[in-house]
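# A closer look at the structure
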Amino acid sequence: SQQGEEDPQALSIQEGENATMNCSYKTSINNLQWYRQNSGRGLVHLILIRSNEREKHSGRLRVTLDTSKKSSSLLITASRAADTASYFCATGETSGSRLTFGEGTQLTVNP
Amino acid sequence: GAVVSQHPSWVICKSGTSVKIECRSLDFQATTMFWYRQFPKQSLMLMATSNEGSKATYEQGVEKDKFLINHASLTLSTLTVTSAHPEDSSFYICSASGQGARGLTDTQYFGPGTRLTVL
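Owing to the predicted nature of the structure, the values given are computational and were not obtained by experimental measurement. Each chain has its residues counted from 1, running along the sequence as written. Both sets of labels track the order of writing: A upward for chains, 1 upward for ligands. Per-residue local features of the predicted model are confined to residues with pLDDT of at least 70, and side-chain atom pairs are confined, for both listing and counting, to 80 or more; whole-chain, interface and lining totals are unaffected and use all residues. Note that the side-chain values use all heavy atoms of the structure and ignore hydrogens as well as water.

### Structural notes on the overall build of chain B
- Each helix is a run of DSSP H or I of at least 4 residues and each strand a run of E of at least 2, with the numbering of both proceeding from the N terminus. In terms of helices and strands, chain B carries zero helices and eleven strands.
- When the helices and strands of chain B are listed from N to C terminus, the series reads β-β-β-β-β-β-β-β-β-β-β.
- With C-alpha atoms as the basis for the radius of gyration, the globule rule is written as 2.2 Å multiplied by the number of residues raised to the power 0.38. Its C-alpha atoms give chain B a radius of gyration of 14 Å, near enough to 14 Å, the size a compact globule of 119 residues would have.
- Structurally, chain B occupies a C-alpha span of about 45 × 25 × 20 Å along its principal axes.
- Working definition: with a 1.4 Å probe on protein chains only, accessible area under 20% of the residue-type maximum means buried, over 50% means exposed, and in between means partly exposed. Burial statistics for chain B: of 119 residues in total, 51% are counted as buried.
- Taking as baseline every contact in chain B between residues at least 6 positions apart, the subset at least 24 positions apart corresponds to 56%.
- The protein chains shown are the only cover counted for residues, whose accessible areas, like all others here, come from Shrake-Rupley with a 1.4 Å probe. Taken as a whole, chain B presents about 5,800 Å² of accessible surface, with 53% of it coming from carbon and sulfur.
- A positive count includes Lys and Arg, and a negative count includes Asp and Glu. His and the chain ends are not counted in either. By convention, charge coordinates are those of NZ in Lys, CZ in Arg, CG in Asp, or CD in Glu. Chain B carries 10 positive and 9 negative side-chain charges, and their two centres are separated by 6 Å. Note on contacts: a residue pair qualifies if any of its non-hydrogen atoms lie within 4.5 Å across the two residues.

See below:
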């Protein structure tokens, strides 16, 4: 079963704006990962954050993790039309274990 | 680095036939490969986890006799959908994790997916 819940389910913004997506989970985790999926394509790994980390950056991406609240957020700054995609969080309970995916957020960036 | 390929990218078959999907890690050794199924506008559902040289571990509700998984080498896993029926039509995605040049073990690298349509 999917333990991750993401909100919003859909987000529509204008180019240049920031986009924030949230993910909550239920069990203890070793790591949390964010992936992007363009329609009909495979998933692209964006960023991995471990349970002992609170924040991570990669380019225009910023991920936070609050293990006390069992939640994570993905912030995309200065969004572009090319950022339009579905974004999924996935949690790993132990190192190297299977991932459990959230339901995803469909982001639309309007030019 | 960390590229995973899948073949074929799409396949259309008649009901009752079997279809084999290949998943290859191109530039790293995949000690573990995962097979997912995804319905339109839904998230990924893990079907099974396979480790090289051992039997796959199937998720609850996934018929192992219907979805045969073989992970014969560190770079290749195959999923065979046996006696396919229209309800098996879906998007099948594999992922791989393992030791690579950067020693990554937790990140899963995904293939581009295979669209299966059973008529």
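### Focus on the pattern of salt bridges
- Any carboxyl oxygen of Asp or Glu within 4 Å of a side-chain nitrogen of Lys or Arg constitutes a salt bridge here. Following the criterion strictly, the structure yields six salt bridges over all chains and no others.
- Between A:R60 and A:D83 there is a salt bridge, with the nearest N and O atoms lying 2.9 Å from each other. Residue A:R60 is located in the loop between β6 (55-58) and β7 (61-66), and its partner A:D83 is located in the loop between β8 (71-76) and β9 (85-92); the two are separated by 23 residues in the primary sequence.
- Its salt-bridge partner being B:K66, residue B:D88 comes within 2.9 Å of it at the nearest N-O pair. Note that B:D88 is positioned in the loop between β8 (76-81) and β9 (90-97) and B:K66 in the loop between β6 (57-58) and β7 (67-73), a separation of 22 residues in sequence.
- Here B:K66 falls in the buried class, since its relative accessible area comes to 12%.

### Describing the nonpolar core
- We call a set of buried Ala, Val, Leu, Ile, Met, Phe, Trp, Tyr and Cys residues a nonpolar core when their side-chain atoms join them within 4.5 Å. Ranked by internal contacts, the top residues of the largest apolar core, which has 26 residues, are B:V4, B:F28, B:W35, B:F67, B:L79, B:Y92 and B:L116.
- At the level of elements, β2 (10-13), β3 (19-25), β4 (32-38), β5 (44-51), β7, β8, β9 and β11 (114-118) of chain B are the ones that each hand at least two residues to this core.
- Formed by 22 residues, the second largest nonpolar core is a distinct cluster that contains A:Y25, A:L61, A:V63 and A:C89.

### Describing the confidence of the model for chain A
- The score called pLDDT rates the predictor's confidence residue by residue, from a low of 0 to a high of 100. Residues of chain A with pLDDT of at least 70 account for 96%, and the chain-wide mean is 92.
- In the model of chain A, strand β1 (residues 5-7) of chain A stands out as the element of lowest mean pLDDT, 80, in contrast to β7(A), which has the highest, 98.

### Here we look at the sheet that holds β3(B)
Residues and elements named next belong to chain B.
- With respect to topology, four strands assemble into an open sheet ordered β1-β3-β8-β7, the strand pairing being antiparallel. Sheet topology places β1 (4-7) and β7 at the edges, where each strand pairs with a single neighbour. Pairwise comparison of adjacent strand axes, ignoring direction, gives a mean angle of 15° for this sheet.
- For two strands to be treated as a pair, DSSP must find no fewer than two bridges joining them. Summarising the sheet, β3 and β8 pair through six bridges and their orientation is antiparallel. Bridge pairing in β8 places C23 opposite S77. Only the stretch in contact is used when fitting a helix axis, every axis being a line fitted to C-alpha atoms; angles between N-to-C directions are given from 0 to 180 degrees.

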